[in-house]
Amino acid sequence: MTYNELFEQVKKKKSFLCVGLDSDIKKLPQHLMGAEDPVYEFNKAIVDATADVAIAYKPNIAFYESNGVSGWITLEKTVKYIKSKYPEIFLIADAKRGDIGNTSEMYARAFLETMEFDSITVAPYMGEDSVTPFLKYEGKWVILLALTSNKGAFDFQFFEENGVKLYERVLRKSQEWGNDQNMMYVVGATKAEMLSGIREIVPNHFLLVPGVGAQGGSLEEVAKYGMNSHCGLIVNSSRGIIFADKTENFAVRAREEAVKLQQQMAELLAAKGVI
Ligand SMILES: O=c1ccn([C@@H]2O[C@H](COP(=O)(O)O)[C@@H](O)[C@H]2O)c(=O)[nH]1
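Each chain has its residues counted from 1, running along the sequence as written. Thresholds applied to this predicted model are a pLDDT of at least 70 for local features of residues and 80 or more for the giving and counting of side-chain atom pairs; totals over whole chains, interfaces and linings are not thresholded and use all residues. Only heavy atoms go into the side-chain values, all of them from the structure, while hydrogens and water stay out.

The name given to the protein in an unreviewed UniProt entry is Orotidine 5'-phosphate decarboxylase, with the source organism recorded as Butyricimonas faecihominis. Quoted straight from UniProt, the Catalytic activity (unreviewed entry) entry for the protein says "orotidine 5'-phosphate + H(+) = UMP + CO2". UniProt positions are given in the numbering used here, feature names are shortened, and annotations may be inferred rather than shown by experiment.

Following this line, the structure appears as structure tokens:
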């Protein structure tokens, strides 16, 4: 998917919402547990209930691989379902991979070729040769971890040398490997105030912003500091949407939460003159 196709979707749906499919089998509504593949049934219902207000879905791979072989099958079926029924949707494999070059090549093949994800989250710690194999796929995206939403982000990411913080170094150095047409960055919504500084380094890139909803990040703050003229944001909420309700009404409640966010997003896009 191209930058422009993504932006067209933002404008059409007046949304920059990503729904996180962190479909923990232990948290599914009880009535689904008799199904042959409960997580798949859950995902389909969530996707069908939210696809008109979401521009992206982000299955976090941990919630699938934790179920073993059957989890990988569920993941593959979910990807195929979304790709066939909603081809305009941007699909993110939240896998946080990255290894020596030939191993990264296999991760890239797994998620960007064998499974048809549009993008994959990658950890930058091992440097250039661990990231560039993911950039060899035309039309696919690397989403590099820059400033994460968790408390532990303060352990390393703010480490400063010559006035440059480590996450800023990641943003600067990685632009030697990719560009705003094939690379995005993860920036946590819980650190929204850092977004204006980040925009000075990467004015045009899309940013994947997790941390609204269950982690308490503010959508307004994210838009205030991080939105650019092409929106430039994909804001994720997982638990706040998919586990809003654990009864037979779960998909309706998930839709309500997604629509609530989309309506706020439409207002923010309009206020910034993006739409
Ligand atoms: O910095 C990061 C990077 C990734 N994540 C992931 O996003 C979702 C957030 O889920 P919520 O339920 O909306 O909190 C989850 O998959 C994380 O692994 C992140 O939160 N922060």
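**Student:** Which parts of the structure should I look at to understand the packing of helix α2 (residues 38-50) against helix α12 (residues 250-271)?
**Tutor:** Helix-helix packing is characterised by the crossing angle of the two axes and by the distance between the axes. To obtain each axis, a line is fitted to C-alpha atoms, and for helices this fit is confined to the stretch in contact; angles are then taken between N-to-C directions over 0 to 180 degrees. Every helix listed is a DSSP run of H or I at least four residues long, and every strand listed is a run of E at least two residues long, numbered separately from the N terminus. Running from amino to carboxyl end, α2 crosses α12 at an angle of 40°, the nearest separation of the two axes being 9 Å. Taken together, the axes of α2 and α12 are oblique relative to one another. Crossing hand, α2 versus α12: right-handed. Contact residues: Phe42, Ala45, Ile46, Ala49 and Thr50 in α2; Phe250, Ala251, Ala254, Arg255 and Ala258 in α12. Partitioning the contact of α2 with α12 into residue classes produces 8 nonpolar, 1 polar and 1 charged. For classification, angles of less than 35 degrees are called roughly parallel, those exceeding 145 degrees roughly antiparallel, those between 65 and 115 degrees roughly perpendicular, and all remaining angles oblique. In this scheme the crossing of two helices becomes right-handed for a clockwise turn of the near helix relative to the far one and left-handed for an anticlockwise turn of less than a right angle. The contact criterion used throughout is that any non-hydrogen atoms of two residues lie within 4.5 Å. Polarity classes work like this: nonpolar for Ala, Val, Leu, Ile, Met, Phe, Trp, Tyr, Cys and Pro, charged for Asp, Glu, Lys and Arg, and polar for all others, with Gly in that last group.

**Student:** Honestly, the pattern of salt bridges in this entry has me stumped. Any pointers?
**Tutor:** A side chain with one charge may pair with a side chain of the opposite charge, provided their charged atoms come close. A pairing counts as a salt bridge when a side-chain nitrogen of Lys or Arg comes within 4 Å of a carboxyl oxygen of Asp or Glu. Within this structure, the stated rule accounts for 16 salt bridges. In this structure, Asp94 engages Lys58 in a salt bridge whose closest nitrogen and oxygen atoms are separated by 2.7 Å. Taken together, the residues Asp94 in strand β3 (residues 90-97) and Lys58 in strand β2 (residues 56-58) connect sequence positions 36 residues apart. Accessibility here uses a 1.4 Å probe with only protein chains present; expressed as a share of the type maximum, an area under 20% marks a residue as buried, one over 50% as exposed, and anything in between as partly exposed. Judged by relative accessible area, Asp94 falls into the buried class, the value being 7%.

**Student:** So what exactly am I meant to see when it comes to the site of the ligand here?
**Tutor:** Around the ligand lies a shell of 15 residues, among which Asp22, Ser149, Gln215, Ser238 and Arg239 are the nearest. Here a polar contact is taken to be a pair of N or O atoms separated by no more than 3.5 Å, where protein atoms must pair a possible hydrogen donor with a possible acceptor and residues adjacent in sequence count only if both atoms sit in side chains. Taking Lys58, its side chain carries an N or O atom lying 3.1 Å from an oxygen atom of the ligand. At 2.6 Å from an oxygen atom of the ligand is found a side-chain nitrogen or oxygen belonging to Arg239. Per-residue accessibility takes into account occlusion by the displayed protein chains alone, with areas from the Shrake-Rupley method and a 1.4 Å probe. Contact with the protein chains hides 88% of the accessible area of the ligand, taken as 460 Å² for the molecule alone. Secondary-structure elements contributing two or more residues to the shell around the ligand are β3 and β10 (233-237). A class-by-class count of the residues in the shell around the ligand yields 3 nonpolar, 7 polar and 5 charged. In these notes, residues near a molecule or strand are those with any non-hydrogen atom within 4 Å of it.

**Student:** Would you take a moment to explain the sheet that holds strand β1 (residues 17-20) for this structure?
**Tutor:** Note: strands within a sheet are paired through backbone hydrogen bonds, in either parallel or antiparallel orientation. Two strands are counted as paired when DSSP detects at least two bridges linking them. Taken in spatial order, the 8 strands line up as β1-β2-β3-β4-β5-β8-β9-β10 and close into a barrel, and their pairing is parallel. Mean inter-strand twist for the sheet, computed between neighbouring axes without regard to direction, equals 30°. As judged from the 2 bridges shared by β2 and β3, these two strands associate in the parallel manner. Across the sheet, residue Tyr57 finds its bridge partner in β3, namely Leu91. Sheet contacts for helix α10 (residues 219-226): β9 (207-210) and β10; angle to β10, the most-contacted strand, approximately 165°.

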